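What the coordinates show
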Amino acid sequence: MSSTATILDAAKPIPERLVMPATDHLVDSLDPEPHPPDDAEDLPTAAVVFDVDAVSVYYGEFRAVQDASLKVHEHEITAFIGPSGCGKTTLLRCFNRMNDLISSARVTGSLCYYGVDLYNPQVDAVEVRRRIGMVFQKPNPFPKSIKDNVAYGPKVAGLAKKGPAMDDIVENSLRKAALWDEVKDRLNDNALGLSGGQQQRLCIARAIATDPDVLLMDEPCSALDPIATTRIEELMHDLKTDYSIVIVTHNMQQAARVSDRTAFFSVEVNADSDSRTGILVEYDFTQHIFSNPSDERTENYVTGRFG
Amino acid sequence: MIVLLLVFVSSIERAVMAFTTVGAVARGGARRGLVGTSGFAKLRTDIAGGLFKFLILSALLASLLILGVLLIDTIVSGWSQLSTRFWDFLNGSLRSRSIDDRLGVQQGLYGSFWIGAIVACTAFPIGVGAAIYLEEYALRSRLTATLELVIRNLAGVPSVVYGLLGLFLFVERNTIFGFIGLGWLVDATGGRSVLSAGLTLSVLVLPIVIITAQEAVRAVPVQLKEGAYGLGATKSEMVRTQVLPYAAPGILTGTLLAMSRAIGEAAPLILVGAISGGLTNNPELWDASALREKFTALPIIIVEWVSERGRDPGFADAAAAAIVVLLALVLLLNMTAILLRNYFERKRD
Ligand SMILES: Nc1ncnc2c1ncn2[C@@H]1O[C@H](COP(=O)(O)OP(=O)(O)OP(=O)(O)O)[C@@H](O)[C@H]1O
Ligand SMILES: [Mg+2]
């Protein structure tokens, strides 16, 4: 355990990186390739959190994602969009090794987190998940009190025991998730008594309570009304200063509103074997994807002419 | 008898009422033209539905009736003992004459109580552990699939066979393959003892405990597990904080039902050597010092007294009274199971 922790410690962003201008040398040392030409906007280049290189994911013989390559940048929101079944969730679950839990799933290619290969056998998946939090598509609060839900992560990570330290973590996380005012009087009530939108925000609070570096959010708003959706979008915007966020969404406007970069995935049907595989069609700044995408398939999809 | 008749009559009445109501509604609907041209077909389906309802209702009533008759008959015969000398009957011991005022089931209660306790202390942890291992840890392979099949089959093996196993393992000095001696087991259990009986019945209910616990563990929503893993829980933390609390009601109900099964078994006990008379000591219920002594249990006492009734007809009533005691015990266990399940379910949701 300790040896694997050190491996990831090398990966954890050091505090300086958070304040230094993005031209910092660490980025270059971690990222020997020059940035793709379309990165040459006036925007400063942020550090690379995830470097996904030719990643394919298989469920048994079935290839769900083929050869995806992209870089997720620090303190940015990266959106994954694309039709149902194109492998967005599958790829997202590779980022915190959630696919380890599915016995048939297999990942090839390389997926680096601050330069450390996440699938290196020396890397401990549990440690990975403590640093890379996940919010699931369906709100999944534990059948415990609101407080215990938020305290769960810090407790298993050994960050704090019961008492004032834990109370602080709980309050801060709930405040960040914009839920504190609604639940502060009933922290000991069962979390299943919350509304769907509150449950989803509780799951976000629970995920940030472990103080991760990255938040993975799989369609966090799919079950929410427009007001709750707006709140979560505002929340993501606020969280961006502390975390790097990857979000899967079916809502094109949402991707356009909140994300800095967008990856468009599609399904490719192989005529010979009649198999369907998810491919990454295009990855670029969000405004590019939505205003002048370079791929025709992207254009068809974002303009609603998807066949 | 009058009560019985009343129950019977009122049940028939209800069934007939249900049947006629359904029919009347169907006919009325058709007559009023609510169902239009397909009216005739509609009427037919409703009659079929009513008939079906009648059939399942009568099946239920018939089984309840048989049970009720047996129960009432037993209570009525046992009443002479239970009403006049209830505590003496619970505290008394095995006697050769049914009118002996020290006759009672205390030794049987002692045996059954400790058998239940031993089953709870051994089958419960081993069974739940095995279930969690199979569901959460074991890799899905041909070996585990075979293992599960074997466990399922073991649950269906007749109890006498387990009695033979108990006899072989815990009572007689045996050797496996000619060199693995089992004498130490016999030294530990004391041979024909409550301990042997409890362990034998543990083995008997173990498959049932494993299967019910497995079912309960399998029912834990995958979202909860993923939620825990997603927050950085290790497997054992996930099992402790998610699987066990969520599966607790199912596991507990299964275990308590298995325990009541163990308490009701007679055949394996006969093989393991429960005796039906001449017990020298009459230990207090909580006294664990007699666990390695000769023993008896409630089902054995019942069997013995029923066979004695030819010689001494009073034993028929004594047996009935003992049955009532055993039934009450099993009922108590089942009720505890239900209460515990409700409690944990309320806590869970
Ligand atoms: N556990 C699994 N076992 C086998 N195949 C799976 C599994 N999970 C997903 N798949 C398959 O992988 C493909 C991609 O699924 P995935 O859930 O990643 O799609 P998605 O892009 O998230 O879709 P949606 O937008 O509907 O959520 C689908 O064809 C799906 O059937
Ligand atoms: Mg999905």
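Bear in mind the structure is a predicted one, so any value in this text is a computation, not a measurement. (Residues numbered from 1 in each chain as written. Chains lettered and ligands numbered in written order. Predicted model: local features only at pLDDT ≥ 70, side-chain atom pairs only at ≥ 80, totals over all residues. Heavy atoms only, no water.)

**Here's the deal with the overall build of chain B**
Applied cut-off: Counting from the N terminus, the helices are DSSP H or I runs at least four residues long and the strands are E runs at least two residues long. Per-residue accessibility, obtained with a 1.4 Å probe over protein chains only, is compared with the maximum for each type, and a residue is labelled buried under 20%, exposed over 50%, and partly exposed between these values. Contact criterion: two residues are considered in contact whenever any of their non-hydrogen atoms come within 4.5 Å of each other. Accessibility throughout is a Shrake-Rupley quantity obtained with a 1.4 Å probe, and a residue counts as covered only by protein chains that appear here.
Helices and strands together make up the secondary structure of chain B, namely twelve helices and two strands. Listing each helix as α and each strand as β along chain B from the N terminus yields α-α-α-α-α-β-β-α-α-α-α-α-α-α. Residue burial in chain B is summarised as follows: out of 349 residues, 43% are buried. At a minimum sequence separation of 6, the contacts of chain B that also span at least 24 residues come to 72%. Surface accessibility of chain B: about 18800 Å² in total, with carbon and sulfur atoms responsible for 69%.

**Some remarks on the interface of chain B and chain A**
Let me state the cut-off plainly: Computed with a 1.4 Å rolling probe, the buried area is the accessible surface lost when two parts are put together, summed over both parts. We count a salt bridge whenever a side-chain nitrogen from Lys or Arg sits within 4 Å of a carboxyl oxygen from Asp or Glu. Gly is placed with the polar residues, together with every amino acid not listed as nonpolar (Ala, Val, Leu, Ile, Met, Phe, Trp, Tyr, Cys and Pro) or charged (Asp, Glu, Lys and Arg).
Listed by partner, the interface residues are 19 residues for chain B and 24 residues for chain A. Between chain B and chain A, roughly 1700 Å² of surface is buried when both sides are summed, and carbon and sulfur atoms account for 60% of that area. By the criterion of area lost to chain A, the three top residues of chain B are Glu226(B), Tyr229(B) and Leu231(B), representing 35% of everything that side buries. On the surface where chain B and chain A come into contact, there are two salt bridges. For Glu226(B), the salt bridge identified is with Arg93(A), shortest N-O distance 2.9 Å. Where the side of chain B that touches chain A is concerned, the elements lending two or more residues are helix H8 (222-230), helix H9 (235-264) and helix H12 (314-348) of chain B. In terms of residues, the side of chain B that touches chain A owes the most to one element, H8(B), which gives seven residues. Of the residues in the side of chain B that touches chain A, the class split is seven nonpolar, seven polar and five charged.

**Observations concerning the site of ligand 1**
Residues and elements named next belong to chain A. Put simply, the rule reads: One heavy atom within 4 Å of a molecule or strand is enough for the residue carrying it to be called near that molecule or strand. Polar contacts here mean pairs of N or O atoms no more than 3.5 Å apart (in protein, one a potential hydrogen donor and the other a potential acceptor; neighbouring residues in sequence count only if both atoms are side-chain atoms).
The immediate surroundings of ligand 1 are formed by 13 residues, with Ser84, Lys88, Thr89, Thr90 and His250 found nearest. Within the backbone of glycine 85, a nitrogen or oxygen atom sits 2.8 Å from an oxygen atom of ligand 1. Take lysine 88: an N or O atom from its side chain is 2.7 Å from an oxygen atom of ligand 1. With the chains in place, 64% of the 630 Å² that ligand 1 exposes on its own is no longer accessible. Elements represented by at least two residues in the shell around ligand 1 include exactly strand E2 (62-73) and helix H4 (88-95). If you tally residues by element for the shell around ligand 1, the top one is H4, at three residues. Grouping the constituent residues of the shell around ligand 1 by class yields five nonpolar, six polar and two charged.

**Description of helix H3 (residues 106-137) of chain B**
Note that an α-helix has 3.6 residues per turn; residues three or four places apart therefore point the same way. Convention followed: In a helix, the anticipated span is given by 1.5 Å times the number of residues less one. Two axes enter the bend calculation: one fitted to the seven residues ending at the residue in question, the other to the seven starting there, and the bend is the angle between them.
Look at H3(B): 45 Å from first C-alpha to last across 32 residues, which is about the 46 Å you get at 1.5 Å a residue. Bending of H3(B) peaks at approximately 30° at the position of Ala123(B), with proline Pro125(B) no more than four residues after it.

**Structural notes on the packing of helix H7 (residues 164-176) of chain A against helix H9 (residues 196-209) of chain A**
All names here are of chain A. Test applied: All axes are obtained by fitting lines to C-alpha atoms, using only the stretch in contact for helices, and the reported angles, taken between N-to-C directions, cover 0 to 180 degrees. Here the angle decides the label: under 35 degrees means roughly parallel, over 145 means roughly antiparallel, 65 to 115 means roughly perpendicular, and every other value means oblique. The handedness criterion is simple: a crossing whose near helix is rotated anticlockwise from the far helix by less than a right angle is left-handed, and one whose near helix is rotated clockwise is right-handed.
Running from N to C, H7 and H9 point in directions that differ by 130°, and their axes come no closer than 8 Å. It follows that H7 is oblique to H9 by the angle criterion. Viewed along their axes, H7 and H9 form a crossing whose handedness is right-handed. Packed against H7, whose contacting residues are Ile169, Ser173, Leu174 and Lys176, the element H9 presents Leu202, Ala205, Ile208 and Ala209 at the interface. Looking at the contact of H7 with H9 residue by residue, the class counts come to six nonpolar, one polar and one charged.

**Quick word on the domain arrangement of chain B**
Residue and element names in this part refer to chain B. Cut-off, in case you're wondering: Residue ranges for the domains trace back to a domain assignment, done automatically or taken from a database.
In terms of domains, chain B is made up of domain 1 (2-80) and domain 2 (106-348). Tallying the contact residues gives six residues for domain 1 and six residues for domain 2. Contact with domain 2 buries surface across domain 1, with Thr74, Ser77 and Gly78 losing the most and accounting together for 68% of the total. Applying the counting rule to domain 1 against domain 2 returns zero salt bridges. Linking domain 1 with domain 2 are zero residue pairs in polar contact (both at pLDDT 80 or more), by the criterion used here. Of the residues that constitute the side of domain 1 that touches domain 2, the class distribution is two nonpolar, four polar and no charged.

**Considering the layout of surface pockets**
The test is simple: Cavities and pockets are found on a 1 Å grid laid over the protein atoms alone: a cavity is a set of points where a 1.4 Å probe fits but cannot escape, a pocket is an open set with protein on both sides within 12 Å along at least five of seven lines, and a lining residue has an atom within 4 Å of such a point. Grid points are joined across faces, edges and corners, and a volume is the space filled by probe spheres set on the points.
The calculated volume of the largest pocket comes to roughly 660 Å³. Lining of the largest pocket is provided by 21 residues; of these, Asp100(A), Leu101(A), Ile102(A), Glu136(B) and Lys235(B) occupy positions nearest its centre. Only helix H5 (125-131) of chain A together with H3, helix H7 (194-218) and H8 of chain B provide two or more residues apiece to the lining of the largest pocket. The element best represented in the lining of the largest pocket is H8(B), accounting for four residues.

**So, the pattern of salt bridges**
All names here are of chain A. Going through the model one piece at a time under the given rule, you end up with 20 salt bridges over all chains. A salt bridge links lysine 184 to aspartate 181; the nearest nitrogen and oxygen atoms lie 3.6 Å apart. Take aspartate 181: its relative accessible area is 57%, and that puts it in the exposed class. One continuous salt-bridge network, built from bridges that share partners, spans Glu182, Arg201 and Arg231.

**Digging into the environment of Glu61(A)**
Residues and elements named next belong to chain A. Relative to the elements of secondary structure, glutamate 61 occurs in the loop between strand E1 (48-59) and E2. Since its relative accessible area comes to 79%, glutamate 61 is described here as exposed. The spacing of glutamate 61 and alanine 105 is 44 residues in sequence and 9.3 Å in space, taken between C-alpha atoms.

**Concerning the confidence of the model for chain B**
Segments scoring low in pLDDT should not have their predicted coordinates read at a detailed level. Residue and element names in this part refer to chain B. To be explicit about the condition: pLDDT runs from 0 to 100 and stands for how confident the predictor is about each residue.
Confidence in the prediction for chain B averages 85 pLDDT; 85% of positions are at 70 or higher. For the stretch residues 1-36, pLDDT sits under 50, and the model shows 20 contacts to residues farther than four places along the chain or on other chains. Confidence metrics for the complex model read pTM 0.80 and ipTM 0.84.

**A few points about the nonpolar core**
Note the threshold: Take the buried Ala, Val, Leu, Ile, Met, Phe, Trp, Tyr and Cys residues and link them wherever side-chain atoms come within 4.5 Å; each set so joined is a nonpolar core.
Of all hydrophobic cores here, the largest spans 60 residues; its most connected members are Phe50(A), Leu70(A), Phe80(A), Phe95(A) and Leu216(A). Examining the composition of this core, we find that six residues originate from one element, H9(B), more than from any other. When sequence neighbours within four positions are dropped, the list of residues in contact with Phe95(A) reads Phe50(A), Val52(A), Val72(A), Phe80(A), Leu111(A), Leu118(A), Val128(A), Ile132(A), Leu216(A) and Val246(A). The next biggest cluster of nonpolar side chains, apart from the first, holds 49 residues, and it includes Ile115(B), Val205(B), Leu291(B) and Ala337(B).

**A closer look at unusual backbone geometry**
All names here are of chain A. Here the phi dihedral of aspartate 67 falls at roughly 50°; this positive angle occurs in a residue that is not glycine. Considering the arrangement of structural elements, one finds aspartate 67 in strand E2. Accessibility expressed as a relative area gives 48% for aspartate 67, which makes it partly exposed. You will see that alanine 178, though not glycine, has its phi angle at about 55°, which is positive. The residue alanine 178 is located in the loop between H7 and helix H8 (180-183) in this model. Owing to a relative accessible area of 26%, alanine 178 belongs among the partly exposed residues under this scheme.

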